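One-letter residues, chain by chain:
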Amino acid sequence: MIEADNGFCPSRDGFAFSNFSDTLNPSSEVLIDMYSADMVCKKGTISLDGLSCEIDLGVRKLIASKQNTPYGAAYGMTVAVLRLYQNRYESPTSFDSAAIWTGQLALSEALQTYLNRLSAGAYSVRNDVGTDSGYVRSLPLPALVRRLSEQLHNDPAVADPYLLLLYAPLGSSSLAVAPYRVVNLDNNRYEVYVYDSNFPGDDSRRVNFALAAGIWSYSTLVPGSSNPIDLSGAV
């Protein structure tokens, strides 16, 4: 039984291209805009207009450490498809005047810059968990499924975008996905359908939850490869 569905369709509203990591290299302008020049710039290299600089080596190493991992641009791509679906801040026509749906967009330079900027947000530390930021960690699975159902019942045009962040408990792998449908199989087993940027155009991706056992199961790919990554776990 479908408990909730916000109308999102990955093959229509998701990107037609796959998650990428080899080009995830935010410019100094993007990093300054997100974190301020004092945090990311090498001293004495800030331009007169304050918009560019030589990025500190430690910051570049942090970004490089994310390359060729499950991170890639998944966070930015997931945030982007939800923003484009809402059509409140940007729309597909912001990047291609002929595009009606997000799935019609090609990876242009302007779109890649936009995705890199959003992806850079995944590097920040979530010190605001438990505040009005909306971040919640390690919810019991019944509470998580209930929250997803409640959120997906809201009008997607006005509701806050909702991400599901999956972490592999025994490793450092993680992935941001966009939930859009909750299916109740038997009041204990649930399927949550998600947009996974590693599988463009795939309407069948879903995370399986077993509430009584407190476990979930899901696997994805290393961006740009066929190497599987298991993100299953338990709480």
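What counts as what
- Residues numbered from 1 in each chain as written.
- Predicted model: local features only at pLDDT ≥ 70, side-chain atom pairs only at ≥ 80, totals over all residues.
- Heavy atoms only, no water.
- Salt bridge = Lys/Arg side-chain N within 4 Å of Asp/Glu carboxyl O.
- Buried < 20%, exposed > 50% of the residue type's maximum accessible area, 1.4 Å probe, protein only.
- Helix = DSSP H or I, 4+ residues; strand = E, 2+ residues; numbered from the N terminus.
- Phe/Tyr/Trp six-rings, centres within 6.5 Å; stacked < 30°, edge-to-face > 60°.
- Disulfide = S-S within 2.5 Å.
- Axes fitted to C-alpha atoms, helices over the stretch in contact; angles between N-to-C directions.
- Parallel < 35°, antiparallel > 145°, perpendicular 65-115°, else oblique.
- Left-handed = near helix turned anticlockwise from the far one by under 90°.
- Contact = heavy atoms within 4.5 Å.
- Nonpolar A, V, L, I, M, F, W, Y, C, P; charged D, E, K, R; others polar.
- Expected span 1.5 Å × (residues − 1).
- pLDDT = per-residue confidence, 0-100.

Some remarks on the pattern of salt bridges
1) Next: Under the criterion given, the structure shown has six salt bridges.
2) Next: Note that Asp13 is salt-bridged to Arg12, the shortest N-O span being 2.8 Å.
3) Next: The class for Asp13 is buried, based on a relative accessible area of 3%.
4) Next: Between Arg206 and Glu191 there is a salt bridge whose closest N-O contact spans 3.2 Å. Here Arg206 is found in strand S5 (residues 206-210), whereas its partner Glu191 is found in strand S4 (residues 189-195), with 15 residues between them in sequence.
5) Next: Accessibility expressed as a relative area gives 31% for Arg206, which makes it partly exposed.
6) Next: Overall, Glu191 belongs to the buried group, its relative accessible area being 14%.

So, the environment of Ser91
1) Next: Assignment of secondary structure puts Ser91 in the loop between helix H5 (74-86) and helix H6 (109-119).
2) Next: Sequence separation between Ser91 and Trp101 is 10 residues; the distance between their C-alpha atoms is 8.5 Å.

A look at the packing of aromatic side chains
1) Next: This structure, assessed with the given rule, holds six aromatic pairs.
2) Next: Measuring from centroid to centroid gives 5.3 Å for Phe8 and Tyr85, while their planes differ by 80°, and the two rings are edge-to-face. Taken together, the positions of Phe8 in the loop between strand S1 (2-5) and helix H1 (10-13) and Tyr85 in helix H5 put the pair 77 residues apart, joining distant regions of the chain.
3) Next: Geometrically, the ring pair formed by Phe95 and Tyr114 is tilted, given 5.0 Å between the ring centres and 45° between the ring planes. Linking Phe95 in the loop between H5 and H6 with Tyr114 in helix H6, this pair joins segments that are 19 residues apart in sequence.
4) Next: Overall, the relative accessible area of 12% leaves Tyr114 in the buried class.

Section: the state of the cysteines
1) Next: Inspection of every chain in the model, using the stated rule, returns one disulfide.
2) Next: The residue that forms a disulfide with Cys41 is Cys53, at a sulfur-sulfur distance of 2.0 Å. When the S-S torsion is -80°, as for the bridge of Cys41 with Cys53, the disulfide is left-handed. Residue Cys41 is located in the loop between helix H3 (37-40) and helix H4 (57-64), and its partner Cys53 is located in the loop between H3 and H4; the two are separated by 12 residues in the primary sequence.
3) Next: Exposure remark for Cys41: the relative accessible area of 9% places this residue in the buried category.

Here's the deal with the packing of H5 against H6
1) Next: The geometry of H5 relative to H6 is characterised by a closest axis approach of 7 Å and an angle of 110° between their N-to-C directions. When the axis of H5 is compared with that of H6, the two are roughly perpendicular. By crossing handedness, the relation of H5 to H6 is classed as right-handed. Residue-level inspection shows Tyr75, Gly76, Met77, Val79, Ala80 and Arg83 of H5 in contact with H6, the latter providing Tyr114, Leu115, Leu118 and Ser119.
2) Next: In terms of residue class, the contact of H5 with H6 is made up of seven nonpolar, two polar and one charged.

A word on H5
1) Next: In this model H5 runs 18 Å from its N-terminal to its C-terminal C-alpha over 13 residues, within 8% of the 18 Å that 1.5 Å per residue would give.
2) Next: Among all positions of H5, only Ala74, Tyr75, Gly76, Met77, Thr78, Val79, Ala80, Val81, Leu82, Leu84 and Gln86 are buried.
3) Next: Lining the buried residues of H5 we find H1, H6, strand S3 (174-184) and S4.

What about helix H7 (residues 141-153)?
1) Next: Compared with an ideal rise of 1.5 Å per residue, which puts 13 residues at 18 Å, H7 spans 18 Å between its outermost C-alpha atoms and is within 8% of the ideal.
2) Next: Contact partners of the buried residues in H7: S1, strand S2 (164-167), S3, S4, S5 and strand S6 (215-217).

Thoughts on the confidence of the model for the chain
1) Next: In this model, the chain carries an average pLDDT of 84, and 84% of its residues clear a pLDDT of 70 or more.
2) Next: Confidence, expressed as mean pLDDT per element, reaches its minimum in the chain at H4 with 72 and its maximum at S4 with 98.
3) Next: Every residue in residues 125-131 is under pLDDT 50, and counting partners more than four places away or in other chains gives 10 contacts.

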